[in-house]
Amino acid sequence: MTSSILKFSVVLQKYRTPVLTVSCVGVFAANMFYHTFPDLSYRKLYQAWHKGRPVALSDKLQELFQQVRVPWLPAGAHVGLPANFNSSTPQDARGITDRSVFINGQAVAWDSEAGGALRDSLVLSPAAQRFAVAREVARLDIGGPVVSAAVAPACLGSVWVYSTVVKQMLGLHGGPALFRGAANLAALGLGAVSYLLTSDAISQWVDYSSDRRAAAVSPDYTRGGVEFYDKLLSRNRTLRTLMGPKGEEMYAASGNLN
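For clarity, every value in this text was computed on a predicted model and none was experimentally measured. (Residues numbered from 1 in each chain as written. Predicted model: local features only at pLDDT ≥ 70, side-chain atom pairs only at ≥ 80, totals over all residues. Heavy atoms only, no water.)

### Let's talk about the overall build of the chain
Helices and strands together make up the secondary structure of the chain, namely 10 helices and 4 strands. Listing the helices and strands of the chain from first to last along the sequence gives α-α-α-β-β-α-β-β-α-α-α-α-α-α. Out of the 258 residues in the chain, the part that is buried amounts to 30%. Long-range contacts, defined as pairs at least 24 residues apart, comprise 66% of the intrachain contacts of the chain with a sequence gap of at least 6. (Helix = DSSP H or I, 4+ residues; strand = E, 2+ residues; numbered from the N terminus. Buried < 20%, exposed > 50% of the residue type's maximum accessible area, 1.4 Å probe, protein only. Contact = heavy atoms within 4.5 Å.)

See below:
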């Protein structure tokens, strides 16, 4: 067993550059697959169905998407529109109350206090809906999916850099295998921490940039953005109540994510 591990280590050390390159490219390609081929991934997961057939986009949602006249992505993009966008007033809650939503295994009673609060939080005005669509288009335009997909392979490559630097600093390249293994574990730990911190920073940057670009389209979009986030916090607070202990773990009392 030890002999096999040593042989594997020798081979890995000999071909570390091509192995690292192939690994990074493979991770990046895997992260980009569902963005590059949304019909094979996102659509199958999120497509609405009715009586065994995919639900066609309503005239209202088609009109909504056409109203979002932003000068980005001239070649087009796939953007999913949620069913609750069919509704724009509490009195017209199509796409919400005509569907069953299950939380903790129980259907939400739309006529209850909590159900009514959830319904109201899902009803967005046309301005808020336009902002929501525009921010998704902006997220694609600034390369959000590409940047996010590049984090994992970049941090994977950084593990090799960390390992090399640590071994050089401590003079372990010719040292015992146990010490070199410890250095590799330390490099893996640094890579994991780098991934967590970088992913969070990239996510915040993408959200901030896409929100800012969408809000800059017009004052109407700015007002829509304020409503969008107000309703988002209201929805999270309601889900916190409906989901019980799990909701308290997921959402703060303010509606922000914990």
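### Some remarks on the environment of Q67
Its location among the elements puts Q67 in helix 4 (residues 59-67). Separated by 66 residues in the primary sequence, Q67 and V133 have C-alpha atoms spaced 9.9 Å apart. Excluding residues that lie within four positions of it along the chain, Q67 makes contacts with R130 and Y221. Reaching out from Q67, the side chain makes a polar contact with the side chain of R130 at a distance of 3.2 Å. (Polar contact = N/O pair within 3.5 Å; in protein donor to acceptor, adjacent residues only side chain to side chain.)

### Examining the environment of A109
By the element assignment, A109 lies in the loop between strand 4 (106-107) and helix 5 (113-122). Classification of A109 as partly exposed rests on a relative accessible area of 37%. The sequence separation of A109 and T97 amounts to 12 residues, and the corresponding C-alpha distance is 9.1 Å.

### Digging into the state of the cysteines
Applying the stated criterion across every chain yields a total of 0 disulfides. Cysteine C24 shares no disulfide, and the gap to the nearest cysteine sulfur, in C155, comes to 9.9 Å. (Disulfide = S-S within 2.5 Å.)

### Thoughts on the packing of aromatic side chains
Under the definition given, this model contains 4 aromatic pairs. With a centroid separation of 5.3 Å and 45° between ring planes, the pair formed by F33 and F37 is classed as tilted. Following the ring pairs from residue to residue traces out a cluster consisting of F131, F228 and Y229. (Phe/Tyr/Trp six-rings, centres within 6.5 Å; stacked < 30°, edge-to-face > 60°.)

### Regarding a nonpolar patch on the surface
A cluster of nonpolar residues, F33, Y34, F37, L40, Y42, L45 and Y46, forms a patch on the protein surface that exposes about 780 Å² of accessible area. Elements represented by at least two residues in the nonpolar patch include exactly helix 2 (16-36) and helix 3 (42-46). Take the nonpolar patch: its biggest share by element is 3 residues, from helix 3. Relative to the helices and strands, Y34 is located in helix 2. (Patch = residues over 30% accessible without salt bridge, like charges linked within 9 Å, V, L, I, M, F, W, Y side chains within 5 Å. Areas by Shrake-Rupley, 256 points an atom, 1.4 Å probe, with all protein chains shown as cover. Salt bridge = Lys/Arg side-chain N within 4 Å of Asp/Glu carboxyl O.)

### Examining the nonpolar core
The nonpolar side chains of a soluble globular protein tend to be buried, and buried together. Grouped together as the largest cluster of nonpolar side chains are 15 residues, with contacts concentrated most on F85, V133 and F228. Every element with two or more residues in this core is listed here: helix 4, helix 6 (126-141) and helix 9 (219-242). Top element by residues in this core is helix 6. It accounts for 6 residues. Discounting residues that sit within four places of it in the chain, F85 has contacts with K60, L61, L64, L124, Q129, A132 and V133. Within the second largest apolar cluster, 10 residues are counted, among which are A93, W110, L239 and M243. (Core = buried A, V, L, I, M, F, W, Y, C linked by side-chain atoms within 4.5 Å.)

### As for the packing of helix 5 against helix 9
If you want to describe how two helices pack, look at the angle between their axes and the distance between the axes. Across the interface, helix 5 lies against helix 9 with an axial gap of 8 Å and an inter-helix angle of 155°. In this view, helix 5 runs roughly antiparallel relative to helix 9, as classed from their interaxial angle. Considering only the axes of helix 5 and helix 9, their crossing is left-handed. In this structure, helix 5 contributes A114, A117, L118, D120, S121 and L122 to the contact, and helix 9 contributes K231, S234, R235, T238, L239 and L242. Looking at side-chain class alone, the contact of helix 5 with helix 9 contains 6 nonpolar, 3 polar and 3 charged residues. (Axes fitted to C-alpha atoms, helices over the stretch in contact; angles between N-to-C directions. Parallel < 35°, antiparallel > 145°, perpendicular 65-115°, else oblique. Left-handed = near helix turned anticlockwise from the far one by under 90°. Nonpolar A, V, L, I, M, F, W, Y, C, P; charged D, E, K, R; others polar.)

These results come straight from atomic positions and should not be treated as a statement about function.
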